[in-house]
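# Observations on chain architecture
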Amino acid sequence: MFRDRLDAAEQLVERLYSLKGTHPLILAIPRGGVPMGRYLADALEGELDVVLVRKLRAPGNPEFAIGAVSEDGTMTLDEAASHYSKQAIEREAEQQRQLLQQRRQRYSPIRPPIPPEGRVVVVVDDGSATGATMAAALTTLQGRTKRLIATLGVASPNAALRLAAIADEVICLEMPRNFMAVSQFYADFHQVEDSEVMRLLES
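Residues numbered from 1 in each chain as written. Predicted model: local features only at pLDDT ≥ 70, side-chain atom pairs only at ≥ 80, totals over all residues. Heavy atoms only, no water.

Of all hydrophobic cores here, the largest spans 42 residues; its most connected members are L12, L16, I26, L40 and Y186. Ranked by residue count, the leading element in this core is helix α1 (residues 5–16), at five residues. Contacts of L40, omitting those with residues within four sequence positions, involve A9, L12, V13, L16, I26, V122, V124 and T151. (Core = buried A, V, L, I, M, F, W, Y, C linked by side-chain atoms within 4.5 Å. Buried < 20%, exposed > 50% of the residue type's maximum accessible area, 1.4 Å probe, protein only. Helix = DSSP H or I, 4+ residues; strand = E, 2+ residues; numbered from the N terminus. Contact = heavy atoms within 4.5 Å.)

Given below as structure tokens:
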């Protein structure tokens, strides 16, 4: 178990230390990944930005995720999505894309996203149960980077396997078989607010 997200970030830096000097681009998945991304960017002398993705909620069951969508419209769907109509999924995806556009305006209102082309890119999140959110982020970056690394504090073994098929490298500190929720592996798993995200991106 990690003390908090900073504890996980400190351990990830030990695994990523060889990147120091390459000016890596650290792309954090909001909101929980942003405090970790800030630490990684500072420790590795890199640059921090966010990669925006949202979970796709099952029609009629918003607590159940069936995939994810990124701000450029890239979708990754879980097997459960096959139980719902294409039209229902597209309606949900469009709603989430609009929310992502609003979030981008809040997080970086005076500049566009930092281009990943030709960069060593590290995508970071505090954890993943299914891998859908991280997979959506990685898919939108695929083929555009010099090297693409997925980093997580904790993930299910299936999620880590899924990500390994997309990223050049996956670094995950914990892959427990009895995975139920990301929060169970953090003593402090407080909700990260938008105000904290904006402060960390500006610092």
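Here we take up the side chain of D49. Mapped onto the elements, D49 comes out in strand β2 (residues 47–50). Among the residues examined, D49 registers a relative accessible area of 1% and is labelled buried. Here D49 is in contact with L25, I26, L27, A28, R104, R111, P113, I114 and L201, once residues within four sequence places are set aside.

Before going further, it helps to examine the side chain of R38. Relative to the helices and strands, R38 is located in helix α2 (residues 33–43). Note on R38: relative accessible area 12%, which makes it buried. Look past the residues within four positions of R38 in its chain and what remains in contact with it is L48, L200, L201 and S203.

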